[in-house]
Amino acid sequence: MTTEVYPDALAQTHARAFTDQRPWSAVEIADLLSSRHVFLIGDTTSFALGRVIAGEAELLTLATDPDAQGGGLGRATLATYHATAQARGAATAFLEVAETNIAAIRLYETAGYTRAALRPDYYRMQKGQRVAAIIMNRIL
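Residues numbered from 1 in each chain as written. Predicted model: local features only at pLDDT ≥ 70, side-chain atom pairs only at ≥ 80, totals over all residues. Heavy atoms only, no water.

Chemist: Please clarify how the sheet that holds strand 5 (residues 114–124) should be interpreted in this entry.
Modeler: Backbone hydrogen bonds are what pair the strands of a sheet, in a parallel or an antiparallel way. Read across the sheet, six strands follow the order 1-2-3-4-6-5 without closing on themselves; strand pairing throughout is mixed. The open sheet has two edge strands, strand 1 (38–42) and strand 5, and neither has a second partner. Each neighbouring strand pair of the sheet contributes to a mean axis angle of 25 degrees, computed without reference to strand direction. Across seven bridges, the pairing between strand 4 (residues 92–98) and strand 6 (residues 130–139) is antiparallel. Bridging across to strand 6, V97 finds its partner in I134. Across the sheet, helix 1 (residues 7–17) touches strand 1, strand 2 (46–53) and strand 3 (56–64), and the angle it forms with strand 3 is around 75 degrees. (Pairing = 2+ DSSP bridges. Helix = DSSP H or I, 4+ residues; strand = E, 2+ residues; numbered from the N terminus. Axes fitted to C-alpha atoms, helices over the stretch in contact; angles between N-to-C directions. Contact = heavy atoms within 4.5 Å.)

Chemist: Could you clarify how one ought to interpret helix 3 (residues 73–87) in this entry?
Modeler: An α-helix turns once per 3.6 residues; consequently, residues spaced three or four apart project the same way. With 15 residues, helix 3 ought to run about 21 Å at 1.5 Å a step, and its terminal C-alpha atoms sit 21 Å apart, in line with that. In this fold, the buried residues of helix 3 make contact with strand 1, strand 2, strand 3, helix 4 (102–110) and strand 6. Following helix 3 by one or two positions, G89 has its phi on the positive side, about 105 degrees. (Expected span 1.5 Å × (residues − 1).)

Chemist: Explain the packing of helix 1 against helix 2 (residues 26–33) here, please?
Modeler: To describe two helices that pack against each other, one gives the angle between their axes and the distance between the axes. Two elements in contact, helix 1 and helix 2, have axes separated by 8 Å at closest approach and are oriented at 120 degrees. Relative to helix 2, helix 1 is oriented oblique. Crossing of helix 1 over helix 2 shows right-handed handedness. Side by side, helix 1 and helix 2 meet where P7, D8, L10 and A11 of the first sit next to A26, I29 and A30 of the second. (Parallel < 35°, antiparallel > 145°, perpendicular 65-115°, else oblique. Left-handed = near helix turned anticlockwise from the far one by under 90°.)

Chemist: What exactly am I supposed to notice about the environment of F47 here?
Modeler: Here F47 lies in strand 2. Linking F47 and R115, residues 68 residues apart in sequence, is a C-alpha distance of 23 Å. If we ignore the near neighbours within four places in the chain, the residues touching F47 are L10, T13, H14, L40, I41, G42, T61, L62, A63 and T77.

Chemist: I tried to follow the packing of aromatic side chains on my own but got confused; where do I start?
Modeler: Scanning all chains against the criterion turns up three aromatic pairs. Ring geometry for F39 and Y81: centres 5.6 Å apart, planes at 10 degrees, overall stacked. Here F39 is found in strand 1, whereas its partner Y81 is found in helix 3, with 42 residues between them in sequence. In this pair, the class of F39 matches that of Y81, namely buried. (Phe/Tyr/Trp six-rings, centres within 6.5 Å; stacked < 30°, edge-to-face > 60°. Buried < 20%, exposed > 50% of the residue type's maximum accessible area, 1.4 Å probe, protein only.)

Chemist: Looking at this structure, how should I read the pattern of salt bridges?
Modeler: Oppositely charged side chains may form a pair once their charged atoms are brought near each other. In total, this model carries six salt bridges according to the counting rule given. The residue D65 makes a salt bridge to R16 at a minimum N-O spacing of 2.8 Å. Residue D65 is found in the loop between strand 3 and helix 3, and its partner R16 is found in helix 1; the two are separated by 49 residues along the sequence. Judged by relative accessible area, which is 14%, D65 ranks as buried. Sharing partners across several salt bridges, the network here consists of R16, D65 and D67. (Salt bridge = Lys/Arg side-chain N within 4 Å of Asp/Glu carboxyl O.)

Chemist: So what exactly am I meant to see when it comes to the pairing of strand 3 here?
Modeler: Walk down a regular strand and you will see the side chains alternate between the two sheet faces. Most of strand 3 is tucked away: eight of the nine residues are buried. Direction of pairing for strand 2 relative to strand 3: antiparallel, over a ladder of eight bridges. Bridged to V52 within strand 3 is A57. The antiparallel pairing of strand 2 with strand 3 creates a hairpin that spans two residues between the two strands, and A54 there sits at a positive phi of about 50 degrees. Two elements, strand 3 and strand 4, share four bridges in a ladder whose sense is parallel. Note that in strand 4 the partner of L59 across the bridge is L95. Each parallel crossover has a hand, and for strand 3 linked through helix 3 to strand 4 it is right-handed. (Right-handed = clockwise from strand over helix to strand, strands pointing away.)

Read these as spatial facts, not as claims about activity.
Structure, rendered in structure tokens:
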């Protein structure tokens, strides 16, 4: 997988993948990537943004273009994210996922994540409703 950075194209992929939540803008993605702790895995078809600080990795987002979903690309991107986070010194990983994102929850559970906590009303969906974030973690 390549790691060339095209924030505009990544933002377009994010918007296509997250139609029920506010997608991230190119400016937000570029700002994250300006941090020395943040790293990008993948390309404009499927990518993950992560951050490693003090031995802990946080999966900031994982987005796969809907036209490429269902073929294992998201799973491969997640596996590469784990390997990269571990190479950067992380021993554990965590993430937040909307409780309504069943496909993502299944992906994370099959990748070894377990539910650790719940943040009520964390995500604001496009139609204004609020849904909880499930916090998940795993050992790398």
